[in-house]
Amino acid sequence: MTDVGAVEISRTMTALVTITGIGMESKEVLPPVLGSSSSEPPPLFDGTTRLYTSYVCPYAQRVWIARNYKGLQDKIHLVPINLQDKPAWYKEKVYPPAKVPALEHNNEIRGESLDLLKYIDTHFEGPPLFPNDPAKKEFAEEMLAFTDKFGAAVVSYLKGGSESEMSAAFDKLEEALSKFDDGSFFLGQFSAVDIAYAPFVQRFQPLLLELKNYDITAGRPKLAAWIQEMDKIDAYKQTKWDPQELTSIFKKRVLVNLSS
Ligand SMILES: N[C@@H](CCC(=O)N[C@@H](CS)C(=O)NCC(=O)O)C(=O)O
């Protein structure tokens, strides 16, 4: 039996064990990744809602977490694309920017992970991803606007740039986590802000430790607690890919001037 087959059987077994009530958490059986040999797209605009994704892309992971958290596993189908070997139809027929994530819904295709978090929150049922409280809403926008700068500061440091900018970026997260005291998350309760940062922190933590011997949680107790709380959110856990694979992909695709 091939390894892939074994993995599939093991995932199916996990799901079955849960259904029979033995109590393990159910792991969704994930659809196979589509590459260039997959010559036909899924039947587009047939009313099915699809999330074109990659299991290893942090932007796509944001939308995957949101879909899981809102309990939309049966409503939003995952269509994983192999980014190293994209099917031609993805750019030609689905999403001309040829990036993931992209959401097919109501005969339209939309991209951009942060926009998709808002879109999914307003167009689908399930627990809200954004708070109603005006102060929290405003802070959510501030934190979402900071995500790119945060990522850029860390990537720049990993490539030999300023340590102080990277460290200030993590300090901003630590400070943000102190703002609301009704929970361990950025807005107190779990929200889209946690979803926006988690895939990046998940990748940066081991990378900084391995490449720079830099522990992001040292002197940042709120961040350490947030990481622990995130690890208890099943919607996020379901999306956590093999850390070694993620690290290797990040080195190859983002830190291209480093050997992997
Ligand atoms: N700003 C976009 C970024 C999406 C993005 O850059 N996705 C990467 C994968 S992580 C991608 O699809 N790149 C195109 C490629 O690899 O061919 C978002 O937030 O959704």
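Residue positions are counted from 1 within each chain, in the order its sequence is given. Reporting in this predicted model follows two pLDDT cut-offs: at least 70 for local features of residues, and 80 or more for side-chain atom pairs to be given and counted; totals over whole chains, interfaces and linings ignore these cut-offs and use all residues. For side-chain calculations, the full set of non-hydrogen atoms in the structure is used, while hydrogens and water are omitted.

1. Points about empty space enclosed by the protein
A water-sized probe rolled over the atoms picks out the places where empty space is left. Here the term cavity refers to a set of points on a 1 Å grid, laid over the protein atoms alone, in which a 1.4 Å probe fits but cannot get out; the term pocket refers to an open set having protein on both sides within 12 Å along at least five of seven lines, with lining residues being those that place an atom within 4 Å of a point. Grid points are joined across faces, edges and corners, and a volume is the space filled by probe spheres set on the points. The tally for this structure, following the rule as stated, stands at 1 cavity of 30 Å³ or more. Considered as a void within the structure, the largest cavity measures approximately 30 Å³ in volume. Contributing to the lining of the largest cavity are Lys27, Glu28, Leu30, Trp64, Asn68 and Gln238. When residue character is reported, Ala, Val, Leu, Ile, Met, Phe, Trp, Tyr, Cys and Pro are called nonpolar, Asp, Glu, Lys and Arg charged, and the others, Gly included, polar. Grouping the amino acids of the lining of the largest cavity by side-chain chemistry returns 2 nonpolar, 2 polar and 2 charged.

2. A look at the site of the ligand
Around the ligand, the neighbouring residues are Cys57, Pro58, Tyr59, Leu83, Lys86, Ala98, Lys99, Val100, Pro101, Glu112, Ser113 and Arg253. In protein, a polar contact means a hydrogen-donor-capable atom and an acceptor-capable atom, both N or O and within 3.5 Å, with residues adjacent in sequence counting only if both atoms are side-chain atoms; elsewhere, any N or O pair within 3.5 Å suffices. Here a nitrogen atom of the ligand sits 2.7 Å away from a polar atom, N or O, in the side chain of glutamate 112. Here serine 113 contributes a side-chain N or O atom positioned 2.6 Å from an oxygen atom of the ligand. Only the protein chains shown count as cover for residues, and the accessible areas themselves come from Shrake-Rupley with a 1.4 Å probe. Here the ligand, which alone exposes 520 Å², has 78% of that area covered by the protein. At a threshold of 2 Å from the grid points, most atoms of the ligand map onto the largest pocket. Residues are counted as near a molecule or strand when any one of their heavy atoms sits within 4 Å of it. Each molecule is assigned to a cavity or pocket provided more than half of its atoms lie within 2 Å of the corresponding grid points.

3. A few points about the pairing of strand 2 (residues 76-80)
Relative accessibility under 20% of the residue-type maximum defines a buried residue, over 50% an exposed one, and the middle range a partly exposed one, all with a 1.4 Å probe and only protein chains included. Strands here mean DSSP runs of E at least two residues long; helices mean DSSP runs of H or I at least four residues long; both are numbered from the N terminus. Most of strand 2 is tucked away: 4 of the 5 residues are buried. As paired strands, strand 1 (residues 49-53) and strand 2 are joined by 5 bridges and run parallel to one another. Bridge pairing links tyrosine 52 to valine 79 in strand 2. Looking down the strands as they point away from you, a crossover is right-handed if its path from the first strand over the helix to the second goes clockwise. Between the parallel elements strand 1 and strand 2, the chain passes through helix 2 (residues 58-69) in a crossover that is right-handed. Only strands that DSSP links by at least two bridges are regarded as paired with each other.

4. Some points on the environment of valine 254
Tracing the backbone shows valine 254 in the segment after helix 10 (243-253). Its relative accessible area of 28% is what places valine 254 among the partly exposed residues. As for valine 254 and valine 155, which are separated by 99 residues in sequence, their C-alpha atoms are 7.8 Å apart. Contact definition: two residues touch when any of their heavy atoms are within 4.5 Å. Ignoring any residue separated from it by four or fewer positions in sequence, one finds valine 254 in contact with Val155, Lys159 and Ile249.

5. Overview of the confidence of the model for the protein
On average, residues of the protein score 91 in pLDDT, and 89% of them are at 70 or above. Every residue carries a pLDDT, the predictor's confidence in it, which falls somewhere between 0 and 100. Across residues 1-23 the pLDDT falls below 50, and counting only partners more than four positions away or on other chains, this stretch makes 20 contacts in the model.

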